[in-house]
Amino acid sequence: MILYKTLLKDGYAEQIIDKSKFIAYTCPVESREEADVFITGIKAKHRDATHNVPAMVIGDKFQIQWASDDGEPQGTSGAPIVQMLVKEGLTNLAIVVTRYFGGIKLGTGGLVRAYTSSAKMGIQAAGICTVRDMYLADVKIDYTHLSKLQNLSQNGSFDIRELIYEDMVRAVLSVEPEKKEELRLLIANLTNGTGIIMDEKLEQIKVPA
């Protein structure tokens, strides 16, 4: 089950529009406090900039939507970024678009396009992913079964998230919750009943879109 879409990692992008330099920083966050720390850090890094326009959307239902124009004409920078994020179905992220003014005014429409296009570039650099509830199984198997497990994972029915080499191989496997019984059966058949499920749980996991 897909819970929401967000960023895979931090992103960075920049472009020049009519001699003004726009720098976009994007960051996945889990809370308003985390977003505030990120925004404060970017503003400190570019304290000499003409504008540092922040925006954030947080919550699986977009409960928190906030932005500032940071001195740009009202509604020309921060708000359009938030509107774009909600339209794209993206949440749990913060963005700062920094501008170094180049001497040419862009006009209301030009500012909206400049800030939203910069934000989109930052999002593309970060990558989009879905956050899903997944069933995780921490399994111990004999080394003789490892290659077959890896081959079976190639068909996409489950993912190997981690391999730990000890006296036996520990494999952390993930699958959609509704397929957990299939995974248990697969492990049993693959290992002739010798595979041991050490731990199992439901966890929210990022999956590249």
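All figures in this text were calculated on a predicted structure; none of them were measured in a lab.

1. What about the side chain of Asn92?
Relative to the helices and strands, Asn92 is located in the loop between α2 (78-87) and β6 (93-100). In this structure the side chain of Asn92 is engaged in a polar contact, spanning 3.2 Å, whose partner is the side chain of Tyr4. Beyond its immediate sequence surroundings of up to four residues, Asn92 is in contact with Tyr4, Thr6, Cys27, Pro28, Val29, Glu30, Val57, Ile58 and Gly59.

2. Side note on the pairing of strand β2 (residues 11-17)
Each regular strand shows side chains that alternate between the opposite faces of the sheet. Note: β2 against strand β3 (residues 20-28), seven bridges, orientation antiparallel. Paired with Ile17 across the strands is Ser20, a residue of β3. Connecting the antiparallel pair β2 and β3 is a turn made up of two residues, with Asp18 showing a positive phi of about 45 degrees.

3. Focus: helix α4 (residues 146-153)
Considered for burial, the residues of α4 that qualify are Leu146, Leu149 and Ser153. One face of α4 carries all of its buried residues, which in axial projection span an arc of 60 degrees. The elements touched by buried residues of α4 are β7 (128-141), β8 (159-165), β9 (169-175) and α5 (180-190).

4. What to know about the environment of Ser153
With respect to the helices and strands, Ser153 occurs in helix α4. Through-space distance from the C-alpha of Ser153 to that of Asp167 is 22 Å; in sequence the pair is 14 residues apart. Discounting residues that sit within four places of it in the chain, Ser153 has contacts with Phe158 and Ile160.

5. Re the pattern of salt bridges
The final tally for this structure, using the stated rule, is nine salt bridges. With a closest N to O distance of 3.9 Å, Lys140 and Asp167 form a salt bridge. With Lys140 in strand β7 and Asp167 in the loop between β8 and β9, this residue pair connects regions lying 27 residues apart in the sequence. Exposure remark for Lys140: the relative accessible area of 16% places this residue in the buried category. Classification of Asp167 by relative accessible area gives exposed; the value is 60%. Put simply, Asp138, Glu166 and Arg170 are held in one network by salt bridges that share partners.

6. Some points on α5
Taken together, the buried positions of α5 are Leu183, Ile187 and Leu190. Buried residues of α5 fall within an arc of 75 degrees about the axis and therefore sit on the same side. In α5, the exposed positions that point more than 90 degrees away from the buried face belong to Glu182, Leu185 and Asn189. Looking at the buried positions of α5, the neighbouring elements they touch are β7, α4, β9 and β10 (196-208). Looking one or two places after α5, you find Asn192, whose phi comes out positive at around 55 degrees.

7. A word on the packing of aromatic side chains
For the structure on display, the rule yields three aromatic pairs. Measuring from centroid to centroid gives 5.3 Å for Tyr12 and Tyr25, while their planes differ by 65 degrees, and the two rings are edge-to-face. Linking Tyr12 in strand β2 with Tyr25 in strand β3, this pair joins segments that are 13 residues apart in sequence. On the basis of relative accessible area, Tyr25 is assigned to the buried category, the value being 9%. Ring geometry for Phe22 versus Tyr115: centroids 5.2 Å apart, planes at 90 degrees, classification edge-to-face. Of the two residues, Phe22 is situated in strand β3 and Tyr115 in helix α3 (residues 107-126); the sequence distance between them amounts to 93 residues.

Parameters and conventions
Residues numbered from 1 in each chain as written. Predicted model: local features only at pLDDT ≥ 70, side-chain atom pairs only at ≥ 80, totals over all residues. Heavy atoms only, no water. Helix = DSSP H or I, 4+ residues; strand = E, 2+ residues; numbered from the N terminus. Polar contact = N/O pair within 3.5 Å; in protein donor to acceptor, adjacent residues only side chain to side chain. Contact = heavy atoms within 4.5 Å. Pairing = 2+ DSSP bridges. Buried < 20%, exposed > 50% of the residue type's maximum accessible area, 1.4 Å probe, protein only. Arc of directions from axis to C-beta. Salt bridge = Lys/Arg side-chain N within 4 Å of Asp/Glu carboxyl O. Phe/Tyr/Trp six-rings, centres within 6.5 Å; stacked < 30°, edge-to-face > 60°.

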